[in-house]
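# Per-entry structural report
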Amino acid sequence: MPDIAVTVNGQQRPLVGTPAHATALDWLRDSGLSGSKEGCAEGECGACAMLLATPTADGGTAWTPVNACLVPVYALDGQEVVTAEGLGSPEDLHPVQEKLAEAGGSQCGYCTPGFACSMAGEYYRADRTPIEATDAADGPCPVHDPEHGPNGFDLHALSGNLCRCTGYRPIRDAAYTLGSPEADDPLQQRLAQPAPEPVATDAEVDGARFVRPASLVEALRILQEEKDALLVAGSTDWGVEVNIRGRRAPLVVAIEQLPELRTLTIEDAVVEIGAALPLSEVEKRLDGRIPLLAQLFPQFASRLIRNRGTFGGNLGTGSPIGDTPPALLALRASVVLASLAEGGSGVVLREVDLADYFTGYRQTVKRADELIRAIRIPLPLATTTAFHKIAKRRFDDISSVAVAFALDIDGGIVTGATIGLGGVAATPLRARATEDALIGKPWNIVTVKAAAEILRGEGTPMSDHRASSEYRSLMLNTALLKLYSATVIESKEVSA
Ligand SMILES: Cc1cc2nc3c(=O)[nH]c(=O)nc-3n(C[C@H](O)[C@H](O)[C@H](O)COP(=O)(O)OP(=O)(O)OC[C@H]3O[C@@H](n4cnc5c(N)ncnc54)[C@H](O)[C@@H]3O)c2cc1C
Ligand code: FES
Ligand code: FES
């Protein structure tokens, strides 16, 4: 068996004797690469960001920033990463480091390596287009688009990086003055080559094992045979459990590189999304095709988290406050579960309506020998959709309440309504009584006010550190009124 090793800044480094639960951050720092910092160890601050070589649709590579504090280092076997040390040195700064220094974008410097890596990911993004290069008359205005620089830099790329002392304007200034990579830049040249292939891994250290199965059948066989096996995809939930709650698993099974879990197909009657495709990849490939999800993605954690987090992981936790279940419930989605066929050589799939998937607090119909292979969203989509996430911060926060609406309004009458709720009961749920109160009624303020009163009483909201039960009920109530106002404003704009 070849050595288990990770390529860091162009140099192969073996993982000898590293504990099975070790994170990439701990391993990097223990290896002397202390550029990546630990601010929180739970994916909140971005001080640990590093670049991971990931495959692109055209067979090349992208430099994708991820949180090193959450990724198990064994998940990087055979993979390639770049840390702040690999971008440039004090004698030969990388353009992102140079711009950060020139703009005064670093004071204590603790956050700077992470910012540099997130910024470098955006610097090398193949479809980053300077606004001057587009037709300025038709394109977005460089002054009035609050989320992009004139160089096409997407500010959301920094949404997972926090700085406690510099203030964000100099950092933004640095990002907005970045040019384009030179043709002889080695990290730019690397993008034309394929990303490393997934590598089957089986490592056991001190009785704890990390396995990356070579195939879906092998993954399912492990699930069937090993009752202690724990699946891990992006590890954005599991990494927090390991770091903050000290959880350890005797057997971790990494599934995020299984090709069957990374598909995305759009057919006439259904969109199917692989359970282990990172959310940012889903966002890119759908390109607004499902407006409800297009509204959800920017509100889900940060870009750093979305670069690893998956639908499978969000549904796999069974959490009542995950953001994708309300949206997927409104979209009438189903979950495709896979298990090993009798005889052990094939895969059995079963499809479960998401509305029947959750059975109790963090409990689902998924059996221990099953994994989520995909989610399926039926087409056509409802014509009026909205996703409302009520949280303490606009970005990078967990929902207190999430409400997703999918309505069909035809000739002023509501002909269809599905409403998904999160954060108001032990499970995500459909607001069935509200749906019934809307269907067949005229879409006007009388109907909406009556239905909003019903929506206020859906679920069994509880009080916790995020919000009181009264606040949660009130937020449900106002969400429908807000949707109604948005549709009225929109129709006025269309007729004006
Ligand atoms: C800073 C931060 C911010 C966050 N913000 C949000 C947010 O705004 N909204 C939100 O909803 N969540 C948020 N999360 C939680 C997390 O990012 C999501 O739940 C994410 O979707 C998990 O995906 P993952 O692939 O990383 O899961 P993992 O951590 O790999 O796995 C999570 C669980 O799901 C199981 N699992 C994974 N894949 C599968 C599969 N295919 N089949 C069956 N089981 C599976 C695993 O066994 C594990 O129990 C945040 C997390 C962090 C650290
Ligand atoms: S250390 Fe804070 S996100 Fe990793
Ligand atoms: S420069 Fe000090 S935390 Fe950002």
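The preceding data block contains the structure.
Below: a short report on this structure.

### Some remarks on the site of ligand 1
Neighbouring residues of ligand 1: 32 residues in total, closest Leu-231, Ala-233, Thr-236, Asp-237 and Thr-310. In the environment of ligand 1, an oxygen atom lies 2.5 Å from a nitrogen or oxygen atom belonging to the side chain of Asp-237. Residue Trp-238 places a main-chain N or O atom 2.8 Å away from an oxygen atom belonging to ligand 1. Protein burial of ligand 1: of its 980 Å² of free accessible surface, 92% is covered by the chains. Put simply, the parts of the chain that give the shell around ligand 1 at least two residues each are strand 8 (229-232), helix 8 (238-244), helix 12 (311-316) and strand 16 (371-378). With 4 residues, helix 12 is the single largest residue contributor to the shell around ligand 1. Looking at side-chain class alone, the shell around ligand 1 contains 13 nonpolar, 12 polar and 7 charged residues.

### A closer look at the packing of helix 3 (residues 95-102) against helix 4 (residues 112-123)
Relative to each other, helix 3 and helix 4 sit at 125°, their axes nearing to 9 Å. In terms of orientation, helix 3 lies oblique with respect to helix 4. For the pair helix 3 and helix 4, the sense of crossing is right-handed. Touching Pro-95, Val-96, Gln-97 and Leu-100 of helix 3 are Thr-112, Ala-116, Met-119, Ala-120 and Tyr-123, all from helix 4.

### Some thoughts on the pairing of strand 19 (residues 413-422)
Within strand 19, 8 of the 10 residues are buried, which leaves it mostly tucked inside the rest of the structure. Both strand 18 (residues 401-410) and strand 19 contribute to a ladder of 9 bridges, which runs antiparallel. Bridging across to strand 19, Ile-409 finds its partner in Val-414. Linking strand 19 back to strand 20 (residues 429-430) in an antiparallel pair, the connection comprises 6 residues, with Gly-423 at a positive phi of about 85°.

### A word on the sheet that holds strand 13 (residues 347-353)
Reading across from one edge, 10-11-16-12-13 is the order of the 5 strands in this open sheet, with antiparallel pairing throughout. Looking at strand neighbours, the two that pair on one side only are strand 10 (264-266) and strand 13, the edges of this open sheet. Strand-to-strand, the axes of this sheet are offset by a mean angle of 20°, without reference to chain direction. Bridge count for strand 10 against strand 11 (residues 270-274) is 3 bridges, and the pairing is antiparallel.

### What about the pairing of strand 7 (residues 208-212)?
Relative to strand 7, strand 6 (residues 201-205) runs antiparallel, the two being bridged by 5 bridges. By the bridge assignment for strand 7, Asp-202 is matched with Val-211.

### Regarding the environment of Glu-98
Relative to the helices and strands, Glu-98 resides in helix 3. Judged by relative accessible area, which is 37%, Glu-98 ranks as partly exposed.

### Observations regarding the packing of aromatic side chains
The final tally for this structure, using the stated rule, is 6 aromatic pairs. For the pair Tyr-123 and Tyr-124, a centre-to-centre distance of 4.9 Å together with 75° between the ring planes defines the contact as edge-to-face. We note that Tyr-123, like Tyr-124, is buried. Summarising the aromatic geometry, the rings of Trp-443 and Tyr-484 are spaced 5.4 Å apart at their centres and angled 70° between planes, so their arrangement reads as edge-to-face. You can see Trp-443 sitting in the loop between helix 14 (432-438) and helix 15 (445-456) and its partner Tyr-484 sitting in helix 16 (residues 469-495), a full 41 residues away along the chain. The class of Trp-443 is buried, set by a relative accessible area of 12%. Overall, the relative accessible area of 15% leaves Tyr-484 in the buried class.

### Here we look at the sheet that holds strand 18
Strand-to-strand pairing in sheets goes through backbone hydrogen bonds, with the strands running parallel or antiparallel. Read from one edge to the other, the open sheet built from 4 strands follows the order 17-18-19-20, with strand pairing classed as antiparallel. Single-partner strands in this sheet number two, and they are strand 17 (384-390) and strand 20. Each of strand 17, strand 18 and strand 19 is contacted by helix 16, which is oriented at about 35° to strand 18, the strand it contacts most.

### Topic: unusual backbone geometry
Pro-380 follows Leu-379 through a cis peptide bond whose omega is 0°. Along the chain, Pro-380 falls in the loop between strand 16 and strand 17. Not every positive phi belongs to a glycine, and Asn-9 is a case in point at roughly 50°. With respect to the helices and strands, the residue Asn-9 is situated in the loop between strand 1 (5-8) and strand 2 (11-14). The class of Asn-9 is partly exposed, set by a relative accessible area of 28%.

### Considering the nonpolar core
In terms of nonpolar packing, the biggest core is built from 71 residues, with Ile-273, Leu-286, Leu-293, Phe-311, Leu-315, Tyr-357 and Ile-377 touching the most fellow members. Beyond its immediate stretch of four places on either side in the chain, Leu-315 contacts Thr-324, Pro-325, Leu-328, Val-335, Leu-354, Tyr-357, Phe-358, Thr-364, Ile-372 and Ile-375. In terms of nonpolar packing, the next biggest core, distinct from the first, is built from 29 residues, Ala-53, Val-96, Ala-116 and Tyr-123 among them.

Cut-off values and rules
Residues numbered from 1 in each chain as written. Chains lettered and ligands numbered in written order. Predicted model: local features only at pLDDT ≥ 70, side-chain atom pairs only at ≥ 80, totals over all residues. Heavy atoms only, no water. Near = heavy atom within 4 Å. Polar contact = N/O pair within 3.5 Å; in protein donor to acceptor, adjacent residues only side chain to side chain. Areas by Shrake-Rupley, 256 points an atom, 1.4 Å probe, with all protein chains shown as cover. Helix = DSSP H or I, 4+ residues; strand = E, 2+ residues; numbered from the N terminus. Nonpolar A, V, L, I, M, F, W, Y, C, P; charged D, E, K, R; others polar. Axes fitted to C-alpha atoms, helices over the stretch in contact; angles between N-to-C directions. Parallel < 35°, antiparallel > 145°, perpendicular 65-115°, else oblique. Left-handed = near helix turned anticlockwise from the far one by under 90°. Contact = heavy atoms within 4.5 Å. Buried < 20%, exposed > 50% of the residue type's maximum accessible area, 1.4 Å probe, protein only. Pairing = 2+ DSSP bridges. Phe/Tyr/Trp six-rings, centres within 6.5 Å; stacked < 30°, edge-to-face > 60°. Core = buried A, V, L, I, M, F, W, Y, C linked by side-chain atoms within 4.5 Å.

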